[in-house]
Amino acid sequence: MLVVESLIARYGAVEALHGVSLEVGAGEAVAIVGPNGAGKTTLMRSISGLVRLASGSVKFEGREIGRTAPFRVARLGISHVPEGRAILSTLSVKDNLLMGGHRLPRAEVDARLAEMLELFPFLGRRLDSFGGVLSGGEQQMLAIARGLMARPRLLMIDEPSMGLAPRVVGDVLDALHRVVATGTSVLIAEQNAGLALEVASRAYVMVVGDVVASGKSADLEDKLIETYLA
Ligand code: ATP
């Protein structure tokens, strides 16, 4: 479904990705794990068109999207839940969700909203609350639900556990399991390798702009310990 090949991305003179390749199959949950500064966010931003590729390619469902504007990438079926969630804090929970579904045919909006409330029941009790008054974990789940509103075929979630207490991380983990069970392809970037590997069946380990290991989540534990200790 998603094929990234030899992707190089730069910020001015600094090369942040040195030729990264990665694949996500239909219905698959894949993780990108690695420490701070590994390039996980840059990789996601390159896929969604927010960072310009210096070279390499990004194909989605067979179509080259490597130099496509972010709004077009979203229309093609990729939702990106950014690091920091980007909840619209002065809009209600319901309006945040409706923003995510603004391109759905009018007749489908209510049904999709109902599906999101089934997947994240607490949102139904908070529909009229401002986004900004939700807890960190609730905001993360709202951001995920907002991303899903558009019925993406690939959902990219950057650092869903960031800034969350361990108990709340458990709630987000449960939510991610439910999302994966819907059959949507999911790509998760995480420093919290434990969380990511629990959700994803395959993972890529990144260190300073390179993929240093990849494979089934269950087989990557030793490589991860080595990476994190280093
Ligand atoms: P984190 O977990 O901290 O978000 P990450 O793995 O997502 O880390 P990136 O944020 O993609 O890593 O950063 C990769 C490299 O690119 C780092 O060296 C970072 O300093 C650099 N970088 C990121 N954004 C910019 C920017 N806007 N301008 C210049 N350099 C940047």
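Residues numbered from 1 in each chain as written. Predicted model: local features only at pLDDT ≥ 70, side-chain atom pairs only at ≥ 80, totals over all residues. Heavy atoms only, no water.

Colleague: Could you give me a rundown of the sheet that holds strand β5 (residues 63–64), with the residues and numbers involved?
Modeller: Strand order in the open sheet made by the four strands is β2-β1-β4-β5, with antiparallel pairing throughout. A single partner strand is all that each edge strand has here, and the edge strands are β2 (14–24) and β5. Strand direction decides the pairing type here: strand β1 (residues 2–11) and strand β4 (residues 53–60), joined by six bridges, are antiparallel. Paired with valine 3 across the strands is lysine 59, a residue of β4. Packed on one face of the sheet, helix α1 (residues 40–47) meets β1, β2 and β4 and runs near 115° to β1. (Pairing = 2+ DSSP bridges. Helix = DSSP H or I, 4+ residues; strand = E, 2+ residues; numbered from the N terminus. Contact = heavy atoms within 4.5 Å. Axes fitted to C-alpha atoms, helices over the stretch in contact; angles between N-to-C directions.)

Colleague: Tell me about the site of the ligand, and name the residues and values.
Modeller: With respect to spatial proximity, 13 residues lie near the ligand, and among them Asn36, Lys40, Thr41, Thr42 and Glu83 are the closest. Interatomic distance of 2.8 Å between a side-chain N/O atom of lysine 40 and an oxygen atom of the ligand. The side chain of glutamine 191 places a nitrogen or oxygen atom 3.0 Å from an oxygen atom of the ligand. Expressed as a share of its isolated accessible area of 630 Å², the protein-covered part of the ligand is 61%. It is α1 that contributes the most residues to the shell around the ligand, three residues altogether. Across the shell around the ligand, the residue classes break down as four nonpolar, six polar and three charged. (Near = heavy atom within 4 Å. Polar contact = N/O pair within 3.5 Å; in protein donor to acceptor, adjacent residues only side chain to side chain. Areas by Shrake-Rupley, 256 points an atom, 1.4 Å probe, with all protein chains shown as cover. Nonpolar A, V, L, I, M, F, W, Y, C, P; charged D, E, K, R; others polar.)

Colleague: Describe the layout of surface pockets, with residues and values.
Modeller: In this structure, the largest pocket spans a volume of roughly 800 Å³. In terms of lining, the largest pocket is formed by 27 residues, of which the most central are Ala74, Ser79, Gly100, His102 and Ala150. Those elements that place two or more of their residues in the lining of the largest pocket are α2 (70–76), β6 (78–81), α3 (93–100) and α6 (136–149). Its residues assigned to classes, the lining of the largest pocket comprises 14 nonpolar, eight polar and five charged. Computed from the structure, the second largest pocket encloses a volume of approximately 180 Å³. Lining the second largest pocket are 16 residues, with Arg112, Glu115, Met116, Thr182 and Thr184 positioned closest to its centre. A per-element tally of the lining of the second largest pocket places helix α4 (residues 106–119) first, with five residues. (1 Å grid on protein atoms, 1.4 Å probe; cavity = no way out; pocket = protein on both sides within 12 Å on 5 of 7 lines; lining within 4 Å. Points joined across faces, edges and corners; volume = space filled by probe spheres on them.)

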